[in-house]
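# A structural walkthrough
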Amino acid sequence: MSRTSYSPHVSDDAASNTSRRSKTREDVVVNSSDFDAEVVASAPRLSGPALTAAIAFVAGTGFTLFGYDQGVMSALLTAKQFENVFPQVAIPKDGSGNHATLQSFVVAIYEVGCLIGALSNLWVGDWLGRRKTIVVGGIIMVIGAILQTASYSYAQLVVARIITGLGNGLNTSTVPSYHAECSPAARRGSLIMIEGSLITFGIMISYWIDFAFFWISGSTAQWRVPIALQIVLALIMIVGISFLPESPRWLAKHGRDAEALAVISALDDKPHTDAGVQQTYHGIREAIAAESHHGNDSSPLREVFTNGRSQNFRRAFLGVVVQCFQQITGINLITYYATLLFERLGIDDVKARIIAAANGTEYFLASLIAIALIDRIGRRPLMLFGAIGQTITMVLLAVLGSIDTSGTQVASAVLLFVFNSFFAVGWLGMTWLYPAEIVGLRIRAPANAFSTASNWTFNFMVVMVTGPAFNNISWRTYIVFASLNAFIIPIVYLFFPETAGRSLEDMDVVFALAYNEGVSPVKVSLRKDIPPAGSPEADEILGISGRDGSVREDASRSEKAS
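Quick caveat: nothing in here was measured; it's all calculated off a predicted structure. (Residues numbered from 1 in each chain as written. Predicted model: local features only at pLDDT ≥ 70, side-chain atom pairs only at ≥ 80, totals over all residues. Heavy atoms only, no water.)

### What to know about the overall build of the chain
Across its full length, the chain holds 29 helices and zero strands. Taking all 562 residues of the chain together, the buried fraction comes to 59%. A sequence separation of at least 24 residues applies to 82% of the contacts in the chain between residues at least 6 apart. (Helix = DSSP H or I, 4+ residues; strand = E, 2+ residues; numbered from the N terminus. Buried < 20%, exposed > 50% of the residue type's maximum accessible area, 1.4 Å probe, protein only. Contact = heavy atoms within 4.5 Å.)

This is how it looks when you write it as structure tokens:
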């Protein structure tokens, strides 16, 4: 007989810790047959591989849009019609004036919008739910893209890019969480790394579209159409998400247990009474119970700044740091300024655009390698591999830049491809996957808002300083980024736990066990003897059951029901 709907508690002692709360719906045992009927009635339209593929498609569309929006400005900055409408971005050959700063500003201001959007998710993310937040983000991006396309002044373009960024910030702080919460542990890494690949796919198609419209030199369609095309991707995402279920973790967190179980059942393509489906469901419920027990009446935002057994602050901080690290690698000095970088190497207008588009294509192809490796060798090895390769590449770019001959310019162009390859394997999709799986369910929305805000803050910094840096210190800019990449290596090795092969709730067990034993979570994450979430051993580690023989309230109810 299937289990009843409940909220798992430890014992009477644990229950008494939440007595300040009103008697909630989780404390009421629902008639099993009624609950089963509700689960069946809540079944999503799709199930199994079709549902998994649909979620991956919609999430991937969101990240293709993200990549397209990042890359589309690269070649437009030096397009004739763009410079005619916005002369502030045209840098004189003698480098005089503040044009380099204004050019960097109109590119980087997009990140400010993204930052605001990500931080707004602190309040709206858990309130609206994952699906509605993505819809709102998509609608805002459509409005921003329309305003960008219709721009006739520098100020209007700046405002329009902030609005577009606001929508993208909402999406990039929500889509990875939604996809992670709807993915099986064994394939979660590869599924979300596909999102990273689709960022580069968006960058690639934006470069080639820019190149195609480069030849329309007599009309502002040269830059307006490439910007407007992102609306198509946004509409696909908005329509697609309406056919998908809400995240089972968010549903369970908000007491919609039957719907949560129905979604888990559909994702696994098994009956909701299946043992594996039940363990996943109860693992989620127990994680919620443990977090509620230890968090008492604190809001999820306030709980981000707590530690104890849940290690919330440590875990949220890891998400913030990994997003920071992605940006200080220097990847966006290539993504946003690829065409300009190749022109600085003495390559003419047309060839610079072709090579930039080829660079984006190779970037996309290299990112596919990570999909095959992420769940096989884990997160840490890929991050370390990428950081080491990026450090070496930046050192070589600095050396070759100091020599500056025709031969070294060709070699430097090749190294920009090499850098993209190392980054695509080690860091591209990783920083959207890792923050979503390292934190607990209760703080996932605010924690991912903070981590995504970190991404956009450091993204803004890098994009803003790149133009003036190359104008003032030239090739020495690469030395700065070589040092930053080298700094990443020991930090990842010492402080970043492995998450591969574990469910999102298993990571609660890893951090709780590390806290109980007073050891590093990195060491615990590499052990093979960690009990899975939902098991009695894991409950004891989490503090949901005690050594005194007290049993989980849900277990006793389940026995009575059966």
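Right, picking up where we left off after that structure.
### Brief notes about the pattern of salt bridges
Scanning all chains against the criterion turns up 12 salt bridges. For E343, the salt bridge identified is with R353, shortest N-O distance 3.5 Å. Note that E343 is positioned in helix α19 (residues 338-344) and R353 in helix α20 (residues 349-377), a separation of 10 residues in sequence. Relative accessible area serves as the criterion here: at 22%, E343 is assigned to the partly exposed category. For R353, a relative accessible area of 2% puts it in the buried group. (Salt bridge = Lys/Arg side-chain N within 4 Å of Asp/Glu carboxyl O.)

### Overview of the nonpolar core
By size, the foremost hydrophobic cluster in this structure holds 146 residues, and its most contacted members are F82, F325, F342, W427, Y478 and F496. It is helix α3 (residues 48-71) that provides the largest number of residues to this core, a total of nine residues. (Core = buried A, V, L, I, M, F, W, Y, C linked by side-chain atoms within 4.5 Å.)

### A look at the environment of D348
Position of D348 among the secondary structure elements: in the loop between α19 and α20. Side-chain polar atoms of D348 contact the backbone nitrogen of V350, separated by 3.1 Å. (Polar contact = N/O pair within 3.5 Å; in protein donor to acceptor, adjacent residues only side chain to side chain.)

### Topic: the confidence of the model for the chain
Per-residue confidence for the chain averages 83 on the pLDDT scale, and 89% of its residues sit at or above 70. Mean pLDDT values for the elements of the chain range from 36 in helix α29 (residues 553-561) up to 95 in helix α25 (residues 477-495). With pLDDT under 50 throughout, residues 1-30 is counted as low confidence; its partners more than four residues away or in other chains account for 68 contacts. Scored below 50 in pLDDT, residues 546-562 makes 30 contacts in the model with residues more than four places away or belonging to other chains. (pLDDT = per-residue confidence, 0-100.)

### Remarks on a nonpolar patch on the surface
A surface patch of nonpolar side chains, amounting to about 340 Å² of accessible area, comprises F57, L229, V232 and I236. Residue position: L229 is located in the loop between α11 (221-228) and α12 (230-241). L229 gets classed as partly exposed once you look at its relative accessible area, which sits at 33%. (Patch = residues over 30% accessible without salt bridge, like charges linked within 9 Å, V, L, I, M, F, W, Y side chains within 5 Å. Areas by Shrake-Rupley, 256 points an atom, 1.4 Å probe, with all protein chains shown as cover.)

### A few points about the packing of aromatic side chains
Across all of its chains, the model carries 23 aromatic pairs by this definition. Measuring from ring centre to ring centre gives 6.2 Å for W208 and F211, while their planes differ by 80°; the resulting arrangement is edge-to-face. Of this pair, W208 and F211 both sit in helix α10 (residues 185-214), three residues apart, which is roughly one turn of that helix. The exposure class assigned to F211 is buried, which follows from its relative accessible area of 16%. (Phe/Tyr/Trp six-rings, centres within 6.5 Å; stacked < 30°, edge-to-face > 60°.)

### Brief notes about unusual backbone geometry
Non-glycine residue Q311 carries a positive phi angle of around 55°. Position of Q311 relative to the elements: it lies in the loop between α16 (300-303) and α17 (312-328). The class of Q311 is buried, set by a relative accessible area of 12%. Residues other than glycine seldom take positive phi values, yet S474 does so here, at roughly 50°. With respect to the helices and strands, the residue S474 is situated in the loop between α24 (444-473) and α25.

### Details of the packing of helix α21 (residues 379-403) against helix α23 (residues 430-438)
Between α21 and α23, whose axes approach to 12 Å, the crossing angle comes to 145°. Crossing of α21 over α23 shows left-handed handedness. Contacts between α21 and α23 involve R379, L382 and M383 from the former and M430, L433, Y434 and E437 from the latter. Taken together, the residues that form the contact of α21 with α23 break down as five nonpolar, no polar and two charged. (Axes fitted to C-alpha atoms, helices over the stretch in contact; angles between N-to-C directions. Left-handed = near helix turned anticlockwise from the far one by under 90°. Nonpolar A, V, L, I, M, F, W, Y, C, P; charged D, E, K, R; others polar.)

### Observations regarding the environment of G117
Turning to its location among the elements, G117 is positioned in helix α6 (residues 99-128). Taking the C-alpha atoms as reference, G117 lies 9.0 Å from I163; in sequence the two are 46 residues apart. What G117 contacts, discounting residues up to four positions off in sequence, is L166, G169 and L170.

### Section: α23
Among the nine residues that make up α23, nine are buried, leaving the element largely enclosed by the rest of the structure. Among all positions of α23, only M430, T431, W432, L433, Y434, P435, A436, E437 and I438 are buried.

### Regarding the side chain of Q327
Mapping Q327 onto the fold places it in helix α17. At 2.9 Å, the side chain of Q327 and the side chain of Q326 are in polar contact. With near-sequence residues (within four places) excluded, Q327 lies in contact with N332, N455, F458, N459 and V462.

### Concerning α6
Across its 30 residues, α6 extends 42 Å between first and last C-alpha, which sits within 8% of the 44 Å expected from 1.5 Å per residue. Where α6 bends most, at L122, the angle is about 55°. G129 occupies a position one or two residues after α6 and carries a positive phi of about 95°. (Expected span 1.5 Å × (residues − 1). Bend = angle between axes of the 7 residues up to and from the residue.)

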